[in-house]
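What the coordinates show
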Amino acid sequence: MTPERLGLLWGVTVFAGAGARLLSVITGFPGVVLLLLSGLLIGRSGLGLVEPLDLGQGLEIIVGLLVSLVLFDGGLNLRLPGDTIKTTVFRILVIRLFISFAAVWIAAHLLAGLAWNVSAVYSAIVLATGPTVVTPLVQQIRLAAPLGDVLDAEGLVLEPVGAVLALLLLELLVGDLHGWKELVFGLLARLGGGVAIGSFAGWILSEGLKRIKADSAIGIRLQITLGVLFLLYGICEWILPESGLPASVAAGFIVGRSPSIEVDKLDELIRELAQLAITMLFPLLAADVSWSELSPLGWGGVSCVLVLMLVVRPMAVSLATIGLPLDFKQRLFLGWLAPRGIVTAAVASLFAIRLEQAGVLGAGRLQGLVFLTILMTVGIQGLTAKPLAKKLGLLAED
């Protein structure tokens, strides 16, 4: 790919994302929906101006670094006040990790026609809600506590788990892993190793930031933070692939709880950069969607996603909130809002390439079904979240 073509790709992508953001501010339309539509417009399904695969292996690196920034920002703001929120998040994580995974696995095979092994990879990829989508939605609709905290924490914790699990299932599928014991060990090693390394890096970063006191030095604090974060991600991916995501969340969590750091000022800058990352990534990955991958799925694919949205998610939330002090309206909203986001799209694009290289049938259908899931969940739930929250009286009064 020529440098001129590469520059045009990034120019069109960032301009499309910025235009979607501006249109969201002017119209009040959900920003994530417009970002998704902008990607469809400039990509293979529209004008054909952007082809993400032209970036080659650089696509994986760029996506990984920018996603680590988004997750680090989420870790900075991760709050679990009160036993009710902690219990709710823990139950949702456990139930979705087992029951939802199994239910979606079966639905993808029976309704969308994926092979059993490919269906398992799909179920892991779409396991988590996307914090890159949920957090902007929660902020835009001004959702009252504690629902916003629950939705943010669910996505931040389960997103890395789903990505790691999907990678290990992919390795099992292509023959790099042998048996479920290796899969379970690999899952625990990557998650545990990522959290441990990330926590240590977060502590080192906190100690370094404590020694920079002047307000005028906020720029160097930001640079140091980004340097440590990107180095952390690179080291984790080198040692344990996919462990960089849980490490990023853990590092942000530790830094966010350091009492001697002016976290608010740093977080303000990190949040702006995270929003820029989302503005770049969403159109870029949505540009990879091709109608030729979506159309063969037909009504079977649509039915699979509807089962995911209308049956599996509400069932998991209903089971997770039994006995908790959440009323019916709060349970209803939690059971409805579960859009998939950037990590889901990135993992699907990269895994489809690996499956095709390994000669596994169904790679195109897998990617098509994942993007159909993103399109339907972001589009439908993004448009209905605020009206539903308003109807149920769940908006913050201030």
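What comes next is a walk through the structure. Here the structure is a predicted model, which is why all the values come from computation and not from measurement.

About the thresholds
Think of each chain on its own: its residues are numbered from 1, step by step along the sequence as written. Local features are withheld for residues below a pLDDT of 70 in this predicted model, meaning they are given only at 70 or higher, and side-chain atom pairs are given and counted only at 80 or more; totals for whole chains, interfaces and linings count all residues. Note that water and hydrogens are dropped before the side-chain values are worked out from all heavy atoms of the structure. Residues enter a nonpolar core if they are buried and are Ala, Val, Leu, Ile, Met, Phe, Trp, Tyr or Cys, with the set joined through side-chain atoms within 4.5 Å. For every residue, the accessible area (1.4 Å probe, protein chains only) is compared with the maximum for its type, and the residue is labelled buried under 20%, exposed over 50%, or partly exposed between those bounds. Numbering goes from the N terminus for both helices and strands, where a helix is a DSSP run of H or I of at least four residues and a strand is a run of E of at least two. Between two residues, a contact is recorded if the distance between any of their heavy atoms is within 4.5 Å. Within this scheme a cavity is a closed region of a 1 Å grid, computed over the protein atoms alone, that accommodates a 1.4 Å probe without allowing it to escape, whereas a pocket is open but has protein on both sides within 12 Å along at least five of seven lines; lining residues each have an atom within 4 Å of a point. Grid points are joined across faces, edges and corners, and a volume is the space filled by probe spheres set on the points. Residue polarity follows a fixed list, in which Ala, Val, Leu, Ile, Met, Phe, Trp, Tyr, Cys and Pro are nonpolar, Asp, Glu, Lys and Arg are charged, and the others, Gly among them, are polar. Stacked, edge-to-face and tilted labels apply to pairs of Phe, Tyr and Trp rings (six-membered ring for Trp) whose centres lie within 6.5 Å, assigned for plane angles under 30 degrees, over 60, and everything in between, in that order.

Let's talk about the nonpolar core
With 129 residues, the main nonpolar core has Tyr-122, Ile-125, Leu-143, Phe-333 and Leu-369 as its most contacted residues. When residues of this core are assigned to their parent elements, the largest contribution, 15 residues, is made by helix 7 (residues 147–174). When near neighbours in sequence (up to four residues on either side) are disregarded, Leu-369 contacts Ala-108, Ala-112, Leu-114, Tyr-122, Leu-297, Gly-301, Cys-304 and Val-305.

Description of the environment of Thr-384
Position of Thr-384 among the secondary structure elements: in helix 16 (residues 363–392). Along the sequence, Thr-384 and Trp-336 sit 48 residues apart, while their C-alpha atoms lie 9.5 Å from each other.

Comments concerning empty space enclosed by the protein
One pass over the structure, following the stated rule, counts four cavities of 30 Å³ or more. If you add up the space inside the largest cavity, you get close to 60 Å³. Arg-96, Ser-100, Phe-101, Val-104, Ser-123, Val-126, Leu-127, Leu-308, Val-312, Arg-313 and Arg-340 are the residues that line the largest cavity. Broken down by secondary-structure element, the contributors of at least two residues to the lining of the largest cavity are helix 4 (83–110) and helix 13 (298–320). Here the lining of the largest cavity takes four residues from helix 4, the largest share from any one element. Here the lining of the largest cavity is composed, by residue class, of six nonpolar, two polar and three charged. Estimates place the volume of the second largest cavity at around 40 Å³. At the level of elements, helix 5 (116–125), helix 7 and helix 15 (342–357) are the ones that each hand at least two residues to the lining of the second largest cavity.

Some details on the packing of aromatic side chains
A complete count under the given rule lists three aromatic pairs for this structure. Taking 5.6 Å as the distance between ring centres and 55 degrees as the angle between the ring planes, the aromatic pair formed by Phe-101 and Trp-105 counts as tilted. Linking Phe-101 with Trp-105, this pair stays in helix 4, spanning four residues, or about one helical turn. Relative accessible area serves as the criterion here: at 24%, Trp-105 is assigned to the partly exposed category. Three or more aromatic residues link up through ring pairs in this structure, and these residues are Phe-101, Trp-105 and Trp-116.

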